[in-house]
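# Observations on the model geometry
Residue-level listing of the chains:
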Amino acid sequence: MFALQFEKMENPILAHSQGFPKSERLCSQKVIKELFSKGSSLFVYPFKILYLPASTLSASAVFPQVMFSVPKKNFKRAVDRNRIKRQCREIYRLCKSHLFSEKKPPQALAIIFVAQKQETFEFLQKKMEKVLEQMP
RNA sequence: AAAACAAGUCGUCUUAUCGCUGUGCCGCAGGGCAUAGAGGAAAGUCCGAGCAACACAGAGUACCAUACUUCCUAACGGGAAGGCAGGAAACUUACCUUUCUUGACAGCCAGUGCCACAGAAAAUUACCGCCCGCAAGGGUAAGGGUGAAAAAGUAGGGUAAGAGCCUACUCGAAACGCAGUCAUGCGUUUUUGGGGUAAACCUUAUGGGUUGAAAGACCAAAUAGGCUAUCGCACGUAGGGCUACUCGCCCGAUGAUAGCGGGUAGGUCGCAUGAGGGUUUGUGCGAACAAACUCCAAGAUAAAUGAUAAGAACGGGUUUUUUAGCAAUAAAAAACCCGUACAGAACUCGGCUUACAGACUUGUUUUUUUU
RNA sequence: GCGAAAGUAGCUCAGCUGGUAGAGCAUCACCUUGCCAAGGUGAGGGUCGCGAGUUCGAAUCUCGUCUUUCGCU
């Protein structure tokens, strides 16, 4: 359903925006540390997000750097954690371009899955859009 | 054919759209195209190695691990075969025997410890009892109840009463002979016969240096409070190192010169050709080994190998229809519903252990049917 | 990735050189009080995380397994 939406897009920068290359992932330990100590947070079940507001220096980026996290405490098996992370990543990849087409993206973003059990794909999709819309 | 047990094999597939990681090619570049991309346990981290760094004169003690025998293996606490002991089944009146299966299976005749309650007594024993004796005292361990366990068991002789005190058989120990590579088995002889517990301390034999890829090497940025080499000084002292300790051994305070360079954050290598896999043949009871041919098959780093949709396949259930049948039921078709496990590489191998929907193969046993 | 500790009553802990499983708080009943609290007396409550083994006998010893916690960078 998202594929149909994006065919109408005219922005040349966002033409290939469904990709999720390495530059859009949050890898630097330094930034992660800063994010968890200074970042603002927001909660909509089952997601908790942390974000750093956009700095003036790196304003050129179209999308923020994102990390996903599923705590080991709630999901013991590596298989379950991997699956949830993959689903979250997929949802974010599909919906990010129409979310950030208007608003200015933050510098860094962390999405944490805090539920105790697994949810369906559609449910996660709705909630993810909601939580990202609420972000200033 | 069904069930049980044991061993082994496999463990969903296809298409569409959108992605991720590695490699190759094209492009000045954004990027594009091609191609490859989880397991039998990748898991637990329980053993054994490779590899790396540090330590390396050596000896003893301590500590840790292992423990029937022979073999396999790079090695092992793994595996194979055999022995012994226990269990089950078949056969049998019963034993024997056969098959399957389980076993941390060295040593309590080296020493020390422990054995609740009950019981006279729990290990050089003595309450009641029995016997001798007037008595004092002595000799006994047949009988008694307890207990998980009571000083080899049964029968006979013997005696004051008794006792391996003696005899026969059985069990156990030692020596010798024979068979076997060995564990051990069989036979003979001997006088020998005083529980259990080493998953109690321990003894004996064998083995073990420590730390783990977050090991370690290199690159650029950055530069000392550290390190190395040479010379000097000097009491080889203070102190430090070599495994926890002892002996013993080694280094060794400060000054000068030269070189290297820590923390922090990042990149490259380590890092995917290896005690590798597959097939065939040969050797061996077997684990396994040898030869020939052939194949190259993930390499991430907050961590790729996916998400969504549709369909197929397989298995199970329900309903309906048809066929066979008196019936129970069986077979086929259609529709609907449910299920498709355990689980995700993190340096690499060899094992072990644990988890696992379901399907298949082989062997053994039992039951039923047919011949 | 590598390594270590713990699991016992509803809760916090003893018992762990093998021999009947205990304390405090909590719960319930009674006494005391006009009533409540405190106090006193008594009672109930345990697959000793789970599964095997050694032993006559296991919370304790050994092995496997599950869960929780902690350390190393």
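Provided above is the structure to which this section pertains.
In this text, all values refer to a predicted model and were calculated from it rather than measured experimentally. (Residues numbered from 1 in each chain as written. Chains lettered and ligands numbered in written order. Predicted model: local features only at pLDDT ≥ 70, side-chain atom pairs only at ≥ 80, totals over all residues. Heavy atoms only, no water.)

### Observations regarding the side chain of Arg81
One can find Arg81 in helix H3 (residues 78-99). Buried Arg81, no salt bridge; nearest opposite-charge side chain is Asp80, N-O distance 7.6 Å. (Helix = DSSP H or I, 4+ residues; strand = E, 2+ residues; numbered from the N terminus. Buried < 20%, exposed > 50% of the residue type's maximum accessible area, 1.4 Å probe, protein only. Lys, Arg positive; Asp, Glu negative; His and termini not counted. Salt bridge = Lys/Arg side-chain N within 4 Å of Asp/Glu carboxyl O.)

### Structural notes on the sheet that holds strand E3 (residues 65-69)
Spatially, four strands are ordered E1-E2-E4-E3 in an open sheet, and the strand pairing comes out mixed. The two strands at the open ends of the sheet, each matched to only one other strand, are strand E1 (40-44) and E3. Put simply, the sheet's adjacent strands are angled 15° from each other on average, direction ignored. Sheet topology note: the strand E2 (residues 47-52)/strand E4 (residues 108-113) ladder contains six bridges and is antiparallel. The residue bridging Ile49 from the neighbouring strand is Ile111, located in E4. (Pairing = 2+ DSSP bridges. Axes fitted to C-alpha atoms, helices over the stretch in contact; angles between N-to-C directions.)

### Brief notes about the protein's contact with RNA strand B
Looking at RNA strand B, there are 20 residues lining it, with Lys22, Arg25, Arg83, Arg86 and Arg93 nearest. The sugar-phosphate portion of RNA strand B accounts for 79% of its atoms within 4 Å of the protein, the bases making up the rest. One of the backbone N or O atoms of Ala78 is found 3.4 Å from a phosphate oxygen in RNA strand B. The separation between a phosphate oxygen of RNA strand B and a polar main-chain atom of Val79 is 3.4 Å. (Near = heavy atom within 4 Å. Polar contact = N/O pair within 3.5 Å; in protein donor to acceptor, adjacent residues only side chain to side chain.)

### Topic: the pattern of salt bridges
Scanning the model with the defined rule gives one salt bridge in all. Measuring nitrogen to oxygen at the nearest pair gives 2.5 Å for the salt bridge that ties Glu90 to Arg93. Of this pair, Glu90 and Arg93 both sit in helix H3, three residues apart, which is roughly one turn of the helix. On the basis of relative accessibility, which here comes to 32%, the residue Glu90 falls in the partly exposed class.

### A look at a positive patch on the surface
Taken together, the side chains of Lys22, Arg25, Lys85, Arg86 and Arg89 present a region of like positive charge at the surface. Following the sequence through the fold, Arg89 ends up in helix H3. A relative accessible area of 30% places Arg89 in the partly exposed class. (Patch = residues over 30% accessible without salt bridge, like charges linked within 9 Å, V, L, I, M, F, W, Y side chains within 5 Å. Areas by Shrake-Rupley, 256 points an atom, 1.4 Å probe, with all protein chains shown as cover. Charge placed at Lys NZ, Arg CZ, Asp CG, Glu CD.)

### Concerning the packing of aromatic side chains
This model, assessed by the stated rule, comprises two aromatic pairs. Ring plane angle 70° and centroid distance 6.0 Å describe the contact between Phe47 and Phe113, whose orientation is recorded as edge-to-face. Here the residue Phe47 occupies a position in strand E2, and Phe113 occupies one in strand E4, the gap between them amounting to 66 residues. Residue class for Phe47 comes out buried when judged on its relative accessible area of 0%. For the pair Phe68 and Tyr92, a centre-to-centre distance of 5.9 Å together with 75° between the ring planes defines the contact as edge-to-face. Of this pair, Phe68 sits in strand E3 while Tyr92 is found in helix H3, placing the two residues 24 residues apart along the sequence. Of the two residues, Phe68 and Tyr92, neither departs from the other in class, the shared state being buried. (Phe/Tyr/Trp six-rings, centres within 6.5 Å; stacked < 30°, edge-to-face > 60°.)

### With respect to the nonpolar core
Ranked by size, the top nonpolar core spans 26 residues in total, and within it Tyr92, Leu109, Ile111, Phe113 and Met128 carry the most contacts. For this core, the elements supplying multiple residues, two or more each, are E2, E3, H3, E4 and helix H4 (121-134). Looking at this core element by element, the count peaks at six residues for H3. Those residues within four positions of Leu109 in sequence are excluded, and the remaining contacts are Leu26, Leu35, Leu50, Tyr51, Pro64, Gln65, Val66, Met67, Tyr92, Leu132 and Met135. One finds Leu26, Val31, Ile32 and Met67 within the second-largest nonpolar core, a separate group that totals ten residues. (Core = buried A, V, L, I, M, F, W, Y, C linked by side-chain atoms within 4.5 Å. Contact = heavy atoms within 4.5 Å.)

Take it as geometry only, folks, not as evidence of what the structure does.
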